[in-house]
Amino acid sequence: MKIDVSTYVNQFLDSKLVEKYSNRKDEIFKKLDQADMNGWLNPDDSFIDQLLEVRNEVLSHSKCLVVIGIGGSFLGAKAFYEMFTPYFKKNSFPIIFAGTTLSSTYMKELLEYLDNIDFTVNVISKSGTTRETELTYSVLKKLLEKKYSPKEVKKHIIVTTDPVKGTLRDEINREGYHSFVIPDNIGGRYSLLTAAHLFPLSFCLDIKELILGYQEGLNFRNDAFLYAVCRRSLFDLGKVVENFVAYENNWYYYLEWLKQLFGETEGKKGKGILPISMIHTRDLHSLGQFIQEGNKIIYETFFKLKNMPVCNVNGKDLHKINLIIEDSVISAHVSGEVPCIIIELDDFSPRSMGRLSSFYFLVAAYSGYLFDIDPFDQPGVEVYKTEVKRRLA
Ligand code: PA5
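Quick caveat, the model's predicted, so the values are computed rather than measured.

Moving on: the site of the ligand. Taken together, 14 residues form the shell around the ligand, and within it Ser73, Ser125, Ser127, Thr130 and Gln260 come nearest. Here an oxygen atom of the ligand and a backbone polar atom of Lys126 are 2.8 Å apart. At 3.0 Å from an oxygen atom of the ligand is found a main-chain nitrogen or oxygen belonging to Arg189. Contact with the protein chains removes 91% of the 390 Å² of surface that the ligand exposes when unbound. Spatially, the ligand is embedded in the largest pocket. When its residues are assigned to classes, the shell around the ligand shows 1 nonpolar, 9 polar and 4 charged.

Spatially, the 5 strands line up as an open sheet ordered S3-S2-S4-S5-S6, and their pairing is parallel. Strand pairing shows two members of the sheet lacking a second neighbour, strand S3 (95–98) and strand S6 (178–181), which therefore form its edges. With strand direction ignored, the average angle separating the axes of adjacent strands in the sheet is 20°. Alignment of strand S4 (residues 119–125) against strand S5 (residues 157–161), held across 5 bridges, turns out to be parallel. Bridge assignment links Val121 to a residue of S5, and that residue is Ile157. The strands touched by helix H8 (residues 167–175) are S4, S5 and S6; relative to S5, the strand with the most contacts, the crossing angle is about 135°.

Note on interface size: it is often stated as the accessible area lost on association of the parts. Here the chain is described as being made up of domain 1 (2–36 + 212–370) and domain 2 (45–182). Summarising the inter-unit geometry, the C-alpha centres of domain 1 and domain 2 are found 32 Å apart. Contacts between domain 1 and domain 2 engage 16 residues on the former and 13 residues on the latter. Carbon and sulfur atoms make up 75% of the surface buried where domain 1 meets domain 2, a total of about 1100 Å² over both sides. Sorting the residues of domain 1 by area buried against domain 2 places Asn250, Tyr253 and Gln260 first, and these three jointly supply 48% of that buried surface. In this assembly, domain 1 and domain 2 are joined by 0 salt bridges. Summed over the shared surface of domain 1 and domain 2, the result is 3 residue pairs in polar contact (both at pLDDT 80 or more). For the side of domain 1 that touches domain 2, the elements supplying multiple residues, two or more each, are helix H12 (252–266) and helix H15 (350–370). With 5 residues, H12 is the largest single contributor of residues to the side of domain 1 that touches domain 2.

Along an α-helix, residues three or four apart share an orientation, since each turn contains 3.6 residues. The terminal C-alpha atoms of H12, which comprises 15 residues, lie 21 Å apart, in line with the 21 Å expected from a rise of 1.5 Å per residue. All of the buried residues along H12 are Tyr254, Leu255, Trp257, Leu258, Gln260, Leu261, Phe262, Thr265 and Glu266. Where H12 is buried, its residues touch helix H4 (75–83), helix H11 (221–236), strand S7 (241–246), strand S8 (274–279), strand S9 (298–305) and H15.

The residue Ser127 is located in the loop between S4 and helix H6 (131–147) in this model. Put simply, Ser127 and Gly188 are 61 residues apart on the chain and 9.7 Å apart in space, counted from C-alpha to C-alpha. In this structure the side chain of Ser127 is engaged in a polar contact, spanning 3.2 Å, whose partner is the backbone nitrogen of Thr129. Only 3.5 Å separates the side chain of Ser127 from the side chain of Thr130, close enough to count as a polar contact.

What counts and what doesn't
Every residue gets a number counted from 1 within its own chain, in the order that chain's sequence is written. Only residues with pLDDT of at least 70 are given local features in this predicted model, and only at 80 or more are side-chain atom pairs given and counted; all residues enter the totals for whole chains, interfaces and linings. Only hydrogens and water are set aside; all other atoms, that is, all heavy atoms of the structure, feed into the side-chain values. A single heavy atom is enough: if one lies within 4 Å of a molecule or strand, its residue is considered near that molecule or strand. Polar contacts here mean pairs of N or O atoms no more than 3.5 Å apart (in protein, one a potential hydrogen donor and the other a potential acceptor; neighbouring residues in sequence count only if both atoms are side-chain atoms). Note that accessible areas follow from Shrake-Rupley with a 1.4 Å probe, and for residues the cover is restricted to the protein chains shown. In this analysis a 1.4 Å probe is tested at points of a 1 Å grid over the protein atoms alone, and where it fits but cannot get out there is a cavity; an open set with protein on both sides within 12 Å along at least five of seven lines is a pocket; lining residues have an atom within 4 Å of a point. Think of it this way: a molecule belongs to a cavity or pocket when more than half its atoms come within 2 Å of the grid points there. Under the scheme applied here, ten amino acids are nonpolar (Ala, Val, Leu, Ile, Met, Phe, Trp, Tyr, Cys and Pro), four are charged (Asp, Glu, Lys and Arg), and all others, including Gly, are polar. Should DSSP find at least two bridges between two strands, the strands are regarded as paired. Secondary structure elements follow DSSP: runs of H or I no shorter than four residues count as helices, runs of E no shorter than two count as strands, and numbering proceeds from the N terminus. Helix axes are fitted only over the stretch in contact, all axes being lines through C-alpha atoms; the angle between N-to-C directions runs from 0 to 180 degrees. Should any heavy atoms of two residues lie within 4.5 Å, those residues are considered in contact. Segmentation of the chain into domains, including their bounds, is taken from an automatic or database domain assignment. Accessible area, probed at 1.4 Å, shrinks when two parts are joined; the buried area is that loss added up over both. By definition, a salt bridge exists where a carboxyl oxygen of Asp or Glu is found within 4 Å of a side-chain nitrogen of Lys or Arg. Working rule for helices: expected span equals 1.5 Å times residues minus one. Here the term buried applies to any residue with accessible area under 20% of the maximum for its type, exposed to any over 50%, and partly exposed to those in between, with areas from a 1.4 Å probe on protein chains only.

If you want it as C-alpha cells, here you go:
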C-alpha cells in the first residue's frame with residue numbers, strides 16, 4: 001500500500017501549518033495508546049474457530065443469512081460483502097442486510113421472500129436498544145416462530161451484542177442462543193474485526209486473510225499520522241470536504257463505511273471535515289462539474305488499484321483504460337485547485353482491504369485528536385434516538 005499525501009497536495013499546503021500539527025505527534029500517539037476505546041488496536045481473534053463452527057451449522061440448515069443491524073453494526077460487513085461477492089450473485093449463499101430501513105414496502109417483501117426459504121437471523125446491536133434493529137428483529141423472530149418448532153428456532157437465531165449489558169444479552173441468557181460479543185472497549189464504527197462483521201463475512205470470504213491484512217495496516221502509524229496532518233492543514237485552508245473516489249462500482253458501500261467512520265468521529269462541537277464519496281466514472285457526469293469548477297471547499301482521496309483481472313476490449317486492457325482515466329481526472333482536478341491524495345493498492349483482496357481499513361481507523365483517531373475532540377463517541381446520534389423513543393413511547 002502506497003500513501004501519497006504530497007505529490008498533488010504540497011503545492012496547496014502551508015508549511016507552517018503542517019509543522020504546527022506535525023509537532024503534536026508524540027502527544028497524540030500517547031493519547032491513542034491510553035484511550036479507553038482503543039480495543040481495535042489489539043483485536044482478539046480467539047473466537048474465530050467457534051465462529052466458523054457456528055457458520056458451518058448455519059450452512060447445514062439454512063439457505064440464506066439475514067443480518068439485522070445499522071451504522072457501525074452493519075456497514076463493515078456490507079462493504080466487504082459487496083466487494084468480495086460477484087456482481088451477479090447467481091450461485092452464492094445470499095446475505096440480506098435488513099434493519100437499515102423501516103420502509104413498510106421493504107418489510108412486506110422481505111417477509112414474503114423469507115416465508116419460502118430456510119433462513120437464519122444474525123441480530124447485531126451493541127446497545128441492544130436501536131429502534132430499527134429492535135423492530136426488524138421482533139418481526140423476523142415472529143416469522144421464525146411461525147416456521148419452526150421452539151427447539152429449531154434456537155438454531156436459527158444468532159445474537160451479537162455487548163458482553164454483559166442490554167436486552168439482547170438478557171435474551172441470550174434466557175434462551176441459550178448462539179452468541180458473539182462486541183467488546184466493551186470497541187465502538188460500533190471501529191468494530192470491523194469483531195464478530196459483528198467477521199461472522200457475516202465468514203460466509204463469503206476468507207476472514208483469516210482479512211485479519212492478517214488488518215494487523216498489517218496497524219503498522220502504518222506514521223503514514224496515518226501524516227495523512228491526518230495533511231487533512232487537518234487542508235481544513236484550515238478552507239478545504240472542509242473530503243471526497244473519497246473509487247473506480248470500481250463494488251466499492252460503493254466501502255465509501256459509505258468511510259463516510260460513517262469520519263462523519264461520526266469528527267463531526268462534533270461545530271468542527272470536522274465533511275466526508276462525501278464518488279464512484280467514477282459514473283459520478284463525473286453528475287458531481288464532476290462541481291468538483292472541477294465549483295466552490296473550492298473540496299479535496300479528494302483517490303483509490304488506485306494496480307492489478308485487476310484482465311478484460312480485453314478492442315485489443316486494450318479495460319483496467320489500463322480505467323487507470324488512464326483516473327490519472328487524467330487527478331490532473332484535471334489539481335488544475336482546478338483541488339488537492340488530491342492518492343492511495344495505491346497492489347491488489348484487491350480481503351487482505352489488502354483489511355490493511356486499508358485499520359490504516360483508516362488510525363487516520364480517523366489521529367484526525368479526531370488533531371481537532372481536539374473525542375474520536376470515539378457520537379453524542380449527536382443519541383439526540384435523534386432519544387426523540388424517537390419519546391414519540392414512540
Ligand atoms: O458507530 C456507532 O457507534 C453507531 O453507528 C452504532 O453502531 C449504531 O448506532 C448502532 O448501534 P447499536 O450497535 O448499539 O445498535
